[in-house]
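The lines below spell out each chain.
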Amino acid sequence: MLSLLEIADRSQKGPRILEKEWDLNLFKQINGYIQKYPVKYDGHEFFNTDEKLLDYVMESAVDFIVKNGVYCITTGRCILFEEHEVRRAMRETPKTVLMGEGKDARIFKQRKIEEDEPLGLCPGHHSPFSSDIIPQAIRNFAMIPRTDFLEGPNFVECGGRDILNQPMEAYASMRESRWLKEGVREAGKPGLSVLYYPIHTRGSTMIAGMADLGTGDGVLLSVLPDVKVEHDLLTSAVFSEEKGNYRVSGSFAIAGGFCGGPEGAIFESVLKTLAGILCYHDQIHYVGVEHQRSLNALEIMMQPLNWARSVVFQTLNTKTNAICMIWAIPSSGPCTEQNLWEHAVRAIEGVVNGGNLYAPRHVRTDINLGQTPLEAEWLVEVSDAVIRSGFNRREKAGKLLERITTEKLAGLKPVRGKTILECYDMARHEPKEEYQKLYDRVRLQMSEMGLEL
Amino acid sequence: MLTQNEIFKELCDAIRSFDEGNVKKAAEAAVEKKADLMKAIKEMSDTLAEIGEQFHRGELFLPHLVMAGEAMDVATKVFEGHLSKEEMSKSKHGTVVIGSVEGDLHDIGLNIVAMRLRTSGFEVHNLGKDVPVNRFVEKAQQVGADIIGASALLTVTRSKHKDLVDEVRQRNLPFKVMVGGGPVTREYAQQIGADGYGEDAEEAVAEAMRIMDEKGRGK
């Protein structure tokens with residue numbers, strides 16, 4: 001694998017290109033790959049069954065990186081790679097990551113398609129909380145039995161002050177890491193791995209937040225949309241690598257952006273994963289395809305996004321060592337049936353596609369209105385039931401998703417949901433009555449579809 | 001020899017095909033024929049609006065909006081020397097300076113809003129990502145903007161929206177400020193004193209139209 005300093009060097013010396021030209025070139029190249037195969041949703045499959053498509057997507061992604069590189073927005077230059085360097089990175093990125101310490105150490109690993117073993121879990125946060133409840137929230141999420149690592153929350157005020165500038169950002173970043181460590185201790189898991197979530201991507205802020213992390217902890221270093229990287233995050237990668245931290249990237253793609261539609265987003269997600277491995281040495285990736293309409297909570301979207309996500313996961317799980325996570329990002333907030341059904345869909349997909357579970361938040365969060373522990377526990381419950389009940393095969397799982405789409409989600413619109421304080425009792429680590437009843441109802445309906453919950 | 005309407009049809013077809021070469025040819029033909037260039041601009045704007053609707057329905061994507069906008073810019077550049085400043089400004093709903101606030105590197109939503117405003121008839125100056133308050137203001141002053149639009153996707157960066165609103169108010173600047181982005185809500189926008197808020201691209205366009213309409217009525 002190329003060293004991060006080599007990446008930094010190439011970002012200074014690669015060919016210059018205007019960002020707008022890069023964006024349009026990305027679209028044109030991806031469109032070319034789509035037309036050539038052709039890559040097209042067949043109108044039926046929830047899970048891809050075309051094995052040749054996976055080879056084609058992977059080879060096209062390698063072809064793109066070799067011909068175009070990865071764009072560095074700091075220098076306005078392309079970081080170029082030889083083909084053998086790309087393929088070596090695909091092989092050398094580790095299939096497992098050891099995280100945490102002592103009795104709380106975990107091995108987080110790449111999953112198989114149609115997995116037979118329980119999936120790994122990061123139950124939160126990645127969503128905003130008011131600082132007065134953060135310690136309690138962290139403890140609650142850490143208490144979830146299957147948690148492998150816990151990501152930090154974000155927040156806008158700290159110690160009675162708004163986080164407005166670099167000194168405050170640094171202070172807030174350090175608070176985040178210390179709250180995470182304290183929260184996992186309070187949950188009786190002092191060695192549980194924590195993942196630093198950037199309060200701000202400024203290099204100084206990132207380093208302040210990583211300063212207290214141990215070697216079993218990690219940092220979120222995401223490749224930017226449209227296959228772009230930048231120097232603050234590269235700086236953070238250099239620092240975190242020497243500290244021994246693992247790195248996670250949001251390598252999903254958004255249909256409707258410069259990659260084009262869902263077919264184009266398949267390519268972008270694979271490209272971003274390669275870019276994360278090459279440029280930041282990211283080891284864990286939440287991948288897949290979303291749509292700008294669902295991310296704006298305009299509608300709950302299913303096909304062809306389900307199919308497109310399956311192509312991404314299958315490609316990465318069979319052609320690289322990348323450790324993938326499904327990104328459960330429902331368009332509705334907590335304490336809504338839409339949210340629980342959307343989480344169920346992602347849990348089913350996780351098992352069949354080979355994606356560990358990542359439950360950060362819903363699409364339009366607000367302070368304390370992003371998530372509760374129940375959604376992550378529900379993800380685990382459904383995914384375990386999928387394996388136990390034999391629904392972890394593409395055809396059977398596809399029929400289940402079809403039923404959820406037509407019987408449960410059809411006609412529903414995204415709704416805002418409730419804050420964690422409104423629907424969840426953090427003192428008792430349980431949902432409040434309204435949410436408990438809703439969960440019981442959805443759970444019963446899910447089991448009536450054949451899952452042994 | 002093509003008629004005016006035939007030339008305009010070629011112009012609009014070329015925009016639909018994102019063919020800048022043919023756009024330029026048709027625009028030059030319109031000038032040579034001494035066609036009604038304001039009508040040409042109106043028809044091109046309608047074509048752009050149609051493309052915007054196709055995007056909204058999910059039939060086209062962001063690159064198509066960009067390419068259509070660039071194709072229309074080719075024609076507008078050809079027309080510039082043949083229309084007065086007043087005529088050119090009449091052809092727009094208003095001028096918007098837009099960007100992601102300082103510290104925010106996300107721009108998909110921003111680019112979509114910028115292009116939807118563009119295809120809806122606004123002159124748009126997209127400053128891109130990580131834009132400090134003073135740069136928003138400088139650009140707005142430079143181009144005589146009506147509206148400054150600011151996007152934030154990180155909860156912590158949305159505080160820069162307030163900085164922008166405060167700067168505009170304290171200096172008594174003539175711009176309206178619109179805000180948006182994932183963690184931004186209507187309540188938050190009202191709380192910080194923003195003039196407008198868009199939950200998504202379509203609402204942003206409607207809000208910008210409303211602001212310009214009120215401006216026209218002297219509010």
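Just so we're clear, the structure is a prediction, and the values are computed from it rather than from any experiment.

Undergrad: Before we move on, can you summarise the pairing of strand β16 (residues 323-327) of chain A with the specific residues and values?
TA: The two faces of a sheet get side chains in turn, since along a regular strand they alternate between them. All names here are of chain A. For β16, the tally of buried residues reaches five of five residues, placing the bulk of the element in the interior. Summarising the sheet, β16 and strand β17 (residues 356-358) pair through three bridges and their orientation is parallel. The residue of β17 that forms the bridge with M325 is N356. Handedness of the β16-helix α12 (residues 337-353)-β17 crossover: right-handed.

Undergrad: Give me helix α1 (residues 4-16) of chain B: which residues, what numbers.
TA: Residue and element names in this part refer to chain B. With 13 residues, α1 should reach 18 Å at 1.5 Å per residue; the first-to-last C-alpha distance of 18 Å fits that figure. Every buried residue belonging to α1 is among I7, F8, L11, C12, A14 and I15, and all of these are buried. Down the axis, α1 shows its buried residues gathered within 155° of arc, on one side only. Turning to α1, the residues buried within the fold contact α2 (20-32), α3 (37-56) and α4 (62-80). Positive phi shows up at F18, right after α1, with a value of about 55°.

Undergrad: A description of the confidence of the model for chain B should follow, citing residues and the corresponding values.
TA: Do not read the fine detail of predicted coordinates wherever pLDDT is low. Of all residues in chain B, 99% have pLDDT values of 70 or greater, and the mean over the chain is 92. Per the prediction output, this complex has pTM 0.94; the corresponding ipTM is 0.86.

Undergrad: Give me the lowdown on the nonpolar core, citing residues and values where you can.
TA: Ranked by size, the top nonpolar core spans 214 residues in total, and within it L150, I348 and L357 of chain A together with L11 of chain B carry the most contacts. In terms of residue count, the dominant contributor to this core is helix α9 (residues 262-280) of chain A (eleven residues). Shared between two domains, this core holds at least three residues of each, these being domain 1 (4-89) and domain 2 (93-216) of chain B. Those residues in contact with L11 of chain B that lie beyond four places of it in its chain are V23, A26, A27, A30, A40, M44 and A75 of chain B.

Parameters at a glance
- Residues numbered from 1 in each chain as written.
- Chains lettered and ligands numbered in written order.
- Predicted model: local features only at pLDDT ≥ 70, side-chain atom pairs only at ≥ 80, totals over all residues.
- Buried ≥ 20, exposed ≤ 12 C-beta atoms within 10 Å, placed from the backbone.
- Helix = DSSP H or I, 4+ residues; strand = E, 2+ residues; numbered from the N terminus.
- Pairing = 2+ DSSP bridges.
- Right-handed = clockwise from strand over helix to strand, strands pointing away.
- Expected span 1.5 Å × (residues − 1).
- Arc of directions from axis to C-beta.
- Contact = placed C-beta atoms within 7 Å.
- pLDDT = per-residue confidence, 0-100.
- Core = buried A, V, L, I, M, F, W, Y, C linked by C-beta atoms within 7 Å.
- Domains from an automatic or database assignment.

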